[in-house]
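Close look at the chain arrangement
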Amino acid sequence: MPTRRGTTSNRFIYNEQRQFPEATGEFSEILTQIILAAKVVSREVNRAGIAGILGAVGETNVQGEQVQKLDVFANRHFLDALSDNCHVSVIASEENEELIHTDHDNKHRPGKYAVAIDPLDGSSNIDVNVSIGTIFSIHRRITDGQDGGADDVLQEGTRQLAAGYVLYGSSTMLVFSVGRGVHGFTLDPSVGEFLLSHPNIQMPKQGSIYSINEGNFPYWAPEVREWVVSLKGAHNPAGKPNSLRYIGSLVADFHRTLFKGGIFAYPLDYKDPKNPRGKLRMLYEAAPIAMIAENAGGLAIDGQRRILDIKPKSLHERTPLFVGSEVDVNFARSFQDR
Ligand code: AHM
Ligand code: MG
């Protein structure tokens, strides 16, 4: 597989596809559509910094256009891009309560794939110019017949064909895996392409950074509190107080963890009436991030169980998540077993 830096994401996907002579190109087309929408969303996220000039959300801006919320904009663009492609049958989006059926005009040729997507994650950071992201996951359909159904997305994470995210940060980056390695591409706005910048990403086996919303400390179970306290002392894998870094955007916090090692966690806030089952969603947050983590040599658990082994029961199911370097995730797990 060519991993020459500077290869465009589309060329890379095409080269990957050529490894499978039976591939029809349909799956590659879905990835290409996601990438196209990501470029449009990236442009809009960058423009949002001058929102004051362009007009406030809900108003008409100086060009006479209605100003949309960025998450609504992103949802529309990703859904359009995926529906424009007759290979996707159903989509689960964080922005839509119900499953979306894309196939209604394509009854003669039902799509073979199901997509779960969080079009713009990190909602608390959208309006303040802090990094946000898109997370996606692709499954092969398992239901028969013309229309897809919820079962097509409600599959274990181990069955994901591809997963990835786009980070809208100081640069826009695309990181994805189709099962063989994890690769990172950086958007070069001058040519409008994602270029391979980080081939075969490997997460460090161990780090010394933890990332968690520690304001939730009073809501955590005793073993989670004990674990976090130990990270501030010397009795942990790093043998010294770990550094705390928390942005509050899963994509950004995970991206740092992927490169620098350590752990990101959103535990069960079992005493919090807002999030009694954890905050993050299995289908379009935890499972795709877990696939990237594992394919880069890391781990992802819900405290005890491997995230990728869990079969979700509903579209917006929530889960606790501990993801990161192997040593650090196993250290967190050891507290659950006490
Ligand atoms: P969102 O889907 O409403 O944006 O919520 C998900 C985000 C994640 O990106 C992030 O890890 C987490 O919520 C932060 O939550 P909190 O603000 O409770 O720390
Ligand atoms: Mg989200």
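As the structure is a prediction and not an experimental result, all values here were calculated from the model. (Residues numbered from 1 in each chain as written. Chains lettered and ligands numbered in written order. Predicted model: local features only at pLDDT ≥ 70, side-chain atom pairs only at ≥ 80, totals over all residues. Heavy atoms only, no water.)

**Examining the pairing of strand β5 (residues 160-168)**
Filter applied, for reference: Throughout, exposure labels follow a simple rule: accessible area from a 1.4 Å probe, protein chains only, divided by the maximum for the residue type, with under 20% read as buried, over 50% as exposed, and the rest as partly exposed. Strands are runs of DSSP state E lasting at least 2 residues, helices are runs of H or I lasting at least 4, and numbering of each runs from the N terminus. Paired strands are those between which DSSP finds at least two bridges.
Most of β5 sits out of view: eight of its nine residues are buried. As judged from the eight bridges shared by strand β4 (residues 132-140) and β5, these two strands associate in the antiparallel manner. Each bridged residue has a counterpart across the sheet, and for His 139 the counterpart in β5 is Gln 160. Relative to strand β6 (residues 172-177), β5 runs antiparallel, the two sharing six bridges.

**Considerations on the domain arrangement of the protein chain**
Let me state the cut-off plainly: By convention here, the domain bounds are inherited from an automatic or database domain assignment. Contacts are assigned to residue pairs that have any heavy atoms within 4.5 Å of one another. By buried area we mean how much accessible surface two parts lose on assembly, using a 1.4 Å probe and totalling the loss over both. Any Lys or Arg side-chain nitrogen located within 4 Å of an Asp or Glu carboxyl oxygen qualifies as a salt bridge.
Each assigned domain of the protein chain is listed here: domain 1 (9-198) and domain 2 (209-336). A straight line from the C-alpha centre of domain 1 to that of domain 2 covers 24 Å. Between domain 1 and domain 2, the residue contacts involve 45 residues of the former and 31 residues of the latter. Contact with domain 2 buries surface across domain 1, with Ile 135, Leu 154 and Tyr 165 losing the most and accounting together for 23% of the total. Summed over the shared surface of domain 1 and domain 2, the result is zero salt bridges.

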